Amino acid sequence: MLLTTIYSSNLGNLLLSCISLAVIFFFLNRLASISKWFFSSPWHQSPLSLLKRRARAWAFLFRGTAIIEEEYTKADGNPFFVEVPENRYLIVSSWKHVKEIDSAPEHVLSLQGAAKELLQPKHTMSKFNWMDKRGAEGVPLIRTLRVMLTSHLPEVLPDIRRSLNVLMDDTFESLSTKDGKTVTAKLYPMVIKGIAYSNALAFFGEEFAKNEKFMKAGMDFIEQTLLIAEILRLLPKTLSEPVGRFLSSKLNSSQVLFETLLPVAQQRVDERERAKLGQKVPQHKDCIQWTMESAPKATPWSAERIVYELIALWFGSVHITSTTACFAIHDLCLHLEYIEPLRKEIESTGWEAFTQSGGKSFPLLDSFMKESARLTPVESVSTRRMALEPFHLSDGSGIVQPGEWICTAARGMMMDSSVFANPNEFQGFRFVDPLVLEKLDSNTDTLSQQNGGDSVKTNFTDIADWQLWGTGRCACPGRYYAAAVMKTMLGLFVTKYDMKLTDPDAVRYFSWRTFIYPFPGTKVTLSRR
Ligand code: HEM
């Protein structure tokens, strides 16, 4: 039929034929995937149970966090499978299994393979189609973040704090107030704007942070990536390519990011070449420069390649940091008894000591943020890996086939009573060294001495007892930066305002697949102190 129509050159018919073919492909694809699930599953008995399983797989989109929680409880510490519309995940929760995932080579279990399926970079990130295997072209971004950005924190934190302060004041001034002192503000837009601005400042410099077109595209990019990736994941492969091309031509914020970053990256590449000839070139301290310098010497990266990496970094750093910070501010409003001790800590320690410690100090705030993320983690699973080859857990309790995912039950593990006493209770200072707590009510000077200095240990960025940051060699390299910037934002909220949720009983978030997302309309009432 399609061929006949092409020969008769009738465009309307051609379109109709394409649509009919697409629909047929769609149903064939669904049928193929249903039969795949049916025959690969150990519990394929009746059509009714098959239908139930597929209904639950689709319900995962809306009830993912609840479904994982139900299966986690039933599994009683053992690995369990969860079906999603387009795939199947094996979810583990023992630390022994977590270590096995971490030890598996990248060609067997791939973080990048899972991230690629999750974010569909070919259509969401300016046609940047990642390799399945992480590190195939080096891992310069990891060094950039873990080493360079982290050690640069004492230099950049004061600028971030000043900018956040101004942004908060501007938002406050822009809202109407009855008594000149109190306003009602939508929290999430305020938080994402602050985090995006801080990230632009820290990663690329002030020029980018002040570029309104770049910043708007940077924030739109987060929602557009989530939206396009979701649509493409649910479509059969045959449709995802044309639909992806169509969507990325309409929702093109990544293109704005690309076009703004490219000339600067190109300039840096030119300088790199001039430096090789012995010419004097300017010095730069930002993620563009560090990524370029950390790329393999034998195969230096092009300007385009550097920019692709930075666009991926932008998504990873803005989305999860702003949602996590937003939930921590909800918790400050829900547990007002913590506000005074936190203020006391910040005011007695001072921002100077915080800056010198590279954002590690403020142990009370550190603990509060950890408790908030433990009880309201944005992601229910962590340590996602896609199997590129079959992978068996050593005790035979689970196997994943190529294309399937294995991950950890992050949320469930954070509620494990053998690790966290009374896990359902919000105890904001649960992770504070008892010595620091003792000093809290008495001597603020001693508290401030304990809080400053380089040797301060932070529990929030620790990876030993929880899964917020993932696992081992792949654990989030941006966590020191994320913790420092979140502390700065929360610290400013606490010291500038008395605050509460405007409607404490309103639903604050919704669930999609494995993550929860704060409602952008949730309001806070802020009163200037
Ligand atoms: C609260 C904020 C954040 C959370 C909860 C978080 C969490 C995570 C998790 C769970 C992973 C995967 C680790 C694994 O699978 O083992 C990850 C990876 C990563 N994160 Fe973060 N992250 C946050 C903020 C950031 C920020 C601000 C940056 C950049 C400055 C960043 C950069 C990255 C990168 C580049 C990776 C990939 C690491 C790799 O390929 O080895 N993250 N993050």
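What you see is a predicted model, and the numbers here were worked out from it, not measured in a lab.

Looking at the overall build of the protein chain
Item 1. Secondary structure assignment for the protein chain yields 22 helices and 12 strands.
Item 2. Residues counted as buried form 54% of the 529 residues belonging to the protein chain.
Item 3. The long-range share in the protein chain, meaning contacts at least 24 apart out of those at least 6 apart in sequence, stands at 73%.
Item 4. In the form shown here, the protein chain has an accessible surface area of approximately 24,000 Å², with 59% of it arising from carbon and sulfur atoms.

Looking at the UniProt feature "binding site: heme" (unreviewed entry) in the protein chain
Item 1. The UniProt entry lists Cys476 under the feature "binding site: heme" (unreviewed entry), expressed in the numbering used here.
Item 2. According to the relative accessible area criterion, cysteine 476 is partly exposed, its value standing at 27%.

A closer look at the sheet that holds strand β4 (residues 182–186)
Item 1. Overall, antiparallel pairing links the 3 strands, which are arranged β4-β12-β9 in an open sheet. Two strands in the sheet have a free side with no partner beyond their single neighbour: β4 and β9 (497–501). Ignoring strand direction, the axes of neighbouring strands in this sheet form an average angle of 25°.
Item 2. As defined by bridge partners, β4 adjoins strand β12 (residues 523–528) across 5 bridges and the pair is classed as antiparallel. From the neighbouring strand, alanine 185 faces β12, where its bridge partner is valine 524.

Overview of the pairing of β12
When a strand is regular, its side chains alternate between the sheet's two faces.
Item 1. Sheet analysis places β9 next to β12, joined by 5 bridges and oriented antiparallel. What sits directly across from aspartate 498, in β12, is serine 527.

Concerning the coordination of the iron atom of the ligand
Item 1. A lone protein donor binds the iron atom of the ligand: Cys476 (SG), at 2.3 Å.
Item 2. You can see cysteine 476 is positioned in the loop between α21 (444–451) and α22 (479–496).

Some details on the packing of aromatic side chains
Item 1. Applying the stated criterion across every chain, the model contains 29 aromatic pairs.
Item 2. Ring geometry for tryptophan 351 versus phenylalanine 354: centroids 5.4 Å apart, planes at 85°, classification edge-to-face. Highlighted residues: tryptophan 351 and phenylalanine 354, both in helix α17 (residues 351–356), separated by 3 residues, approximately one helical turn. Of the two residues, tryptophan 351 and phenylalanine 354, both sit in the buried class.
Item 3. Among the aromatic residues, those joined into a ring-pair cluster are Phe203, Phe204, Phe208, Phe214, Trp314 and Tyr481.

Here we look at empty space enclosed by the protein
Item 1. Enumeration according to the criterion identifies 5 cavities of 30 Å³ or more in this entry.
Item 2. Put simply, the second largest cavity is a space of about 80 Å³.
Item 3. Forming the boundary of the second largest cavity are Leu164, Leu167, Met168, Thr171, Met190, Lys193, Gly194, Met489 and Phe493.
Item 4. Of all the elements in the fold, those that place two or more residues in the lining of the second largest cavity are α8 (153–174), α9 (187–204) and α22.

Section: the packing of helix α5 (residues 111–119) against helix α11 (residues 212–234)
Item 1. Packing of α5 against α11 brings their axes to within 7 Å, and their N-to-C directions diverge by 95°. Between α5 and α11, the crossing angle belongs to the class labelled roughly perpendicular. Judged by residue contacts, Glu117, Leu118 and Leu119 of α5 engage Thr225, Ala229 and Arg233 from α11.
Item 2. Of the residues that constitute the contact of α5 with α11, the class distribution is 3 nonpolar, 1 polar and 2 charged.

Some points on a nonpolar patch on the surface
Item 1. On the surface, Val507, Phe510 and Phe519 cluster together into a nonpolar patch covering about 260 Å² of accessible area.
Item 2. With respect to the element layout, valine 507 can be found in the loop between β9 and β10 (509–512).

Rules behind the numbers
Residues numbered from 1 in each chain as written. Predicted model: local features only at pLDDT ≥ 70, side-chain atom pairs only at ≥ 80, totals over all residues. Heavy atoms only, no water. Helix = DSSP H or I, 4+ residues; strand = E, 2+ residues; numbered from the N terminus. Buried < 20%, exposed > 50% of the residue type's maximum accessible area, 1.4 Å probe, protein only. Contact = heavy atoms within 4.5 Å. Areas by Shrake-Rupley, 256 points an atom, 1.4 Å probe, with all protein chains shown as cover. UniProt positions renumbered as here; feature names shortened; annotations may be inferred. Pairing = 2+ DSSP bridges. Axes fitted to C-alpha atoms, helices over the stretch in contact; angles between N-to-C directions. Donors = N, O, S within 2.8 Å, 3.2 Å for Na, K, Ca; no water. Phe/Tyr/Trp six-rings, centres within 6.5 Å; stacked < 30°, edge-to-face > 60°. 1 Å grid on protein atoms, 1.4 Å probe; cavity = no way out; pocket = protein on both sides within 12 Å on 5 of 7 lines; lining within 4 Å. Points joined across faces, edges and corners; volume = space filled by probe spheres on them. Parallel < 35°, antiparallel > 145°, perpendicular 65-115°, else oblique. Nonpolar A, V, L, I, M, F, W, Y, C, P; charged D, E, K, R; others polar. Patch = residues over 30% accessible without salt bridge, like charges linked within 9 Å, V, L, I, M, F, W, Y side chains within 5 Å. Salt bridge = Lys/Arg side-chain N within 4 Å of Asp/Glu carboxyl O.

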